[in-house]
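# Coordinate inspection notes
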Amino acid sequence: MTKIVVVGSGVVGLTVAHELLKDETNQVTIVSQQFPTDFDVSTLYTSPNAGANWHSFASDDDIFTQEIDKIGYFKYKEIIKNSPEADVTARTDVHYVPINKFNKVYKGIKKFPWFAYGDMGKTVNFRELDESEYDTTKFAYAYQYDGLVIRTSYYMTYLLNEMWKMSGSVETSNSRFSLRRGTIKKLLDAYDYHHLGKADLVINCTGILSKELIDLEPEEKEKVYPIRGIVFVAENTTGMKKITAVDLLDPQYPEERLYFMPRREGELIIGGAYQVNNYSKVVDPTFIVRLITRCKYYLPQYKWDNLNIIRTQVGYRPFRKGGYRIERKGKIVHCYGMGAAGFQSSWGCAVKVVDLVNDYKNKSKF
Ligand SMILES: Cc1cc2nc3c(=O)[nH]c(=O)nc-3n(C[C@H](O)[C@H](O)[C@H](O)COP(=O)(O)OP(=O)(O)OC[C@H]3O[C@@H](n4cnc5c(N)ncnc54)[C@H](O)[C@@H]3O)c2cc1C
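Residues numbered from 1 in each chain as written. Predicted model: local features only at pLDDT ≥ 70, side-chain atom pairs only at ≥ 80, totals over all residues. Heavy atoms only, no water.

## Here we look at the overall build of the chain
A count of helices and strands for the chain gives eight helices and 15 strands. Radius of gyration (C-alpha) of the chain: 21 Å, near the 21 Å computed for a compact globule of 366 residues. Along the three orthogonal principal directions, the C-alpha set of the chain runs to about 65 × 45 × 40 Å. Looking at the chain residue by residue over its 366 residues, the buried ones come to 56%. Pairs at least 24 residues apart make up 73% of the contacts formed inside the chain by residues separated by at least 6 positions. Of the roughly 16,300 Å² of accessible surface on the chain, a fraction of 52% belongs to carbon and sulfur atoms. (Helix = DSSP H or I, 4+ residues; strand = E, 2+ residues; numbered from the N terminus. Rg over C-alpha atoms; globule rule 2.2 N^0.38 Å. Buried < 20%, exposed > 50% of the residue type's maximum accessible area, 1.4 Å probe, protein only. Contact = heavy atoms within 4.5 Å. Areas by Shrake-Rupley, 256 points an atom, 1.4 Å probe, with all protein chains shown as cover.)

Printed below as a string of C-alpha cells:
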C-alpha cells in the first residue's frame with residue numbers, strides 16, 4: 001500500500017485525492033487549513049469564491065492545456081448526467097464581443113477559441129450567432145456552445161462524499177481515506193500527517209499559499225502571484241438562463257470584466273474583476289454601480305432593477321509564471337498554479353498527478 005498526503009482541499013487537491021483513491025493500493029490523507037464545509041472562508045482559499053464555468057483559455061498552440069481542459073469537459077458532462085447531487089448544471093454559454101474590443105484589440109478579425117473547431121467544436125455544439133440574434137449596434141459578433149456551471153462549495157463537498165464512499169462508509173483505523181485539519185509550514189512536515197503512519201509521498205495542492213511554504217524553492221515562490229477576482233452572488237430575478245460573457249473593454253477600468261453564471265437553484269453569479277497582484281480584501285463600492293450600468297447597457301433584455309445581492313466574494317486566482325506546475329521532485333508532487341482555470345482543469349491535472357505517482361511507484365517497486 002502507498003501512503004499519500006495531499007496538502008490542500010481546494011478543487012485541485014480534492015480532485016487529485018479523488019483520482020488517487022480509485023487505485024485501491026493508495027491510502028490518502030488530505031491535510032488542509034480550510035475545507036469546503038467551512039462557514040467562514042478566507043480569500044486565500046480560492047475555490048469556494050469562484051463562479052465557476054468551463055471556458056478553456058488555452059491558446060491555439062497550447063495542446064497541453066487543451067488536453068487537460070478536454071478531460072474536464074467530458075468528466076463534468078458525465079457528472080451532469082449521473083450525479084445531480086454534485087450541482088453541476090448544463091447551460092448554454094454565450095459570448096458577445098463589443099464593437100470597440102473587436103476594432104481596437106482584435107483589429108477587426110473575429111477570434112474564436114480552440115474548442116470552436118474540429119471534433120471538439122462538434123462535441124460542444126459550437127456556433128457563431130446570426131446577426132439577428134444580437135444587437136449589431138453594440139456587438140461585432142457573438143458565439144455560443146454547450147457549457148456548464150458549477151456551484152463551487154457544494155460541488156467540492158460532493159467530491160468529499162464520493163471519497164468517503166470509495167474508502168468505505170465507516171472510518172476505521174485502517175480506512176483508505178482521512179481528513180486532517182492543519183497548516184503545514186514545510187512540505188517535509190506533511191509526511192507526518194498521514195493517518196496510518198509516515199507517508200510515502202506528498203502532493204502539494206496549496207494554490208496561492210504555496211508561496212508561503214518554507215521549503216518551496218525560492219525561484220518557484222517568485223513565480224506565484226494572484227489575480228484578484230470579485231463576484232457578486234444575487235438572487236436570479238433577471239430572467240437570465242444562459243451563462244453570458246461580454247468581452248468588455250473599458251479603457252478607464254481595464255481590470256473589470258462582465259460575466260454571469262446562473263446557478264441551478266436560482267443564484268446568479270455576476271462578475272467581475274481581474275486585478276493583477278492585488279491582495280486587497282476591500283471592494284470599491286462604486287464597482288457594483290458600474291457593473292449594473294454595463295448590464296443595463298449591454299444586456300437590456302434582462303431585469304436589472306431591484307436586484308437582491310446576497311453576498312460579495314473576493315478570491316485570488318493562483319497564477320504561476322510559466323503556467324501550471326505539475327511535477328515530481330523526489331517524494332513530492334507539485335500541482336498548483338491553475339490561475340483562472342482550477343475547476344475546468346482539475347480533472348486533467350489529476351490525471352497527470354496520478355501518472356507521476358504511478359511512475360514513482362513503479363520506480364520504487366511498491
Ligand atoms: C472570482 C473567481 C472566479 C473564478 N471562476 C472560475 C471559473 O469559472 N472556472 C474555473 O475553472 N476557475 C475559476 N476560477 C479559478 C479557480 O477558482 C482556481 O483556479 C482554483 O480554485 C484553484 O484551486 P486550488 O485548489 O489550486 O487552490 P485553493 O482553492 O486556494 O485551495 C488551496 C487549499 O490548500 C490549503 N492550504 C494552503 N496552504 C496550506 C498549508 N500550508 N497547509 C495546509 N493547507 C494549506 C487551503 O486551505 C485550501 O484548502 C475563479 C477564481 C476566482 C477568484
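## A closer look at the site of the ligand
Taken together, 39 residues are adjacent to the ligand, and Ser 47, Asn 53, Ile 184, Gly 339 and Gln 344 come closest. Within the backbone of Thr 46, a nitrogen or oxygen atom sits 2.9 Å from an oxygen atom of the ligand. Listing elements by their share of the shell around the ligand, those giving two or more residues are helix 1 (11-21), strand 8 (224-235), strand 13 (309-320) and helix 8 (342-364). Of the residues in the shell around the ligand, the class split is 18 nonpolar, 20 polar and one charged. Two domains each donate at least three residues to the shell around the ligand, and these are domain 1 (2-39 + 153-223 + 321-364) and domain 2 (63-149 + 224-319). (Near = heavy atom within 4 Å. Polar contact = N/O pair within 3.5 Å; in protein donor to acceptor, adjacent residues only side chain to side chain. Nonpolar A, V, L, I, M, F, W, Y, C, P; charged D, E, K, R; others polar. Domains from an automatic or database assignment.)

## Let's talk about the pattern of salt bridges
What the rule picks out here adds up to 29 salt bridges. Lys 361 is paired through a salt bridge with Asp 23; the nearest N and O atoms lie 3.3 Å apart. Taken together, the residues span a long stretch of sequence, with Lys 361 in helix 8 and Asp 23 in the loop between helix 1 and strand 2 (26-32) at a distance of 338 residues. Classification of Asp 23 as partly exposed rests on a relative accessible area of 27%. The residue Lys 329 makes a salt bridge to Glu 217 at a minimum N-O spacing of 3.9 Å. Separated by 112 residues along the polypeptide, Lys 329 in strand 14 (residues 325-329) and Glu 217 in the loop between strand 7 (201-204) and helix 6 (218-223) bring together distant segments of the chain. On the accessibility criterion, Glu 217 (18% relative accessible area) is buried. Look at the salt bridges and you will find they share partners, linking Glu 217, Glu 220, Lys 223, Arg 320, Arg 325, Glu 327 and Lys 329 into a network. (Salt bridge = Lys/Arg side-chain N within 4 Å of Asp/Glu carboxyl O.)

## Regarding the pairing of strand 7
Side-chain alternation along strand 7 places Leu 201 and Ile 203 on one buried face and Val 202 and Asn 204 on a second face that is also buried. Relative to strand 7, strand 1 (residues 2-7) runs parallel, the two sharing four bridges. Bridging from a neighbouring strand, Val 7 pairs with Asn 204 of strand 7. Here strand 7 runs beside strand 15 (residues 332-336); their pairing, made up of three bridges, is parallel. The residue of strand 15 that forms the bridge with Ile 203 is Val 333. (Pairing = 2+ DSSP bridges.)

## Points about the layout of surface pockets
One way to see where empty space is left: roll a probe the size of a water molecule over the atoms. Size it by volume and the second largest pocket reaches roughly 400 Å³. Taken together, 18 residues form the lining of the second largest pocket, with Val 41, Pro 48, Ser 153, Arg 311 and Gln 313 sitting closest to its centre. Listing elements by their share of the lining of the second largest pocket, those giving two or more residues are helix 5 (152-167) and strand 13. Counting residues per element, the lining of the second largest pocket draws most heavily on strand 13, at four residues. Across the lining of the second largest pocket, the residue classes tally to six nonpolar, seven polar and five charged. Taken domain by domain, the lining of the second largest pocket gets at least three of its residues from each of domain 1 (2-39 + 153-223 + 321-364) and domain 2 (63-149 + 224-319). (1 Å grid on protein atoms, 1.4 Å probe; cavity = no way out; pocket = protein on both sides within 12 Å on 5 of 7 lines; lining within 4 Å. Points joined across faces, edges and corners; volume = space filled by probe spheres on them.)

## Concerning helix 5
Helix length check: helix 5 (16 residues) gives 23 Å between terminal C-alpha atoms against 22 Å at 1.5 Å per residue, within 8%. For helix 5, the full list of buried residues reads Thr 152, Tyr 155, Met 156, Tyr 158, Leu 159, Leu 160, Glu 162, Met 163 and Ser 167. (Expected span 1.5 Å × (residues − 1).)

## Comments concerning the nonpolar core
If you look at the biggest cluster of nonpolar residues, it comprises 90 residues, and the most contacted ones within it are Val 6, Val 16, Tyr 155, Ile 203 and Trp 304. Residue-level mapping places this core at the junction of two domains, with at least three residues from each of domain 1 (2-39 + 153-223 + 321-364) and domain 2 (63-149 + 224-319). Leave out the neighbours within four places in its chain, and Tyr 155 touches Val 11, Tyr 76, Ile 79, Ala 86, Val 88, Ile 150, Phe 343 and Trp 347. Grouped together as the second largest cluster of nonpolar side chains are 15 residues, Val 7, Ile 184, Ala 199 and Ile 208 included. (Core = buried A, V, L, I, M, F, W, Y, C linked by side-chain atoms within 4.5 Å.)

## Observations regarding the domain arrangement of the chain
Size of an interface, as often reported, equals the accessible area lost when the parts are brought together. With domains assigned, the chain is organised as domain 1 (2-39 + 153-223 + 321-364) and domain 2 (63-149 + 224-319). Once you take the C-alpha centre of each, domain 1 and domain 2 turn out to be 29 Å apart. On the domain 1 side of the interface with domain 2, the three residues burying the most area are Tyr 158, Ile 208 and Trp 347, jointly 28% of the side's total. Counting the contacts that link domain 1 with domain 2 gives zero salt bridges. Viewed at the interface, domain 2 and domain 1 are joined by seven residue pairs in polar contact (both at pLDDT 80 or more). (Buried area = accessible area lost by both parts, 1.4 Å probe.)

## Observations regarding the sheet that holds strand 14
Strand order in the open sheet formed by six strands is 6-2-1-7-15-14, with mixed pairing between adjacent strands. Strands with a single pairing partner mark the edges of an open sheet, and in this sheet they are strand 6 (177-181) and strand 14. Neighbouring strand axes in the sheet, compared pairwise and without regard to direction, differ in orientation by 15° on average. With five bridges joining them, strand 14 and strand 15 adopt antiparallel strand pairing. Note on strand 15: the bridge partner recorded for Ile 326 is Cys 335. Sheet strands touched by helix 8: strand 1, strand 2, strand 7, strand 14 and strand 15. Its angle to strand 14, the strand with the most contacts, is close to 10°. (Axes fitted to C-alpha atoms, helices over the stretch in contact; angles between N-to-C directions.)

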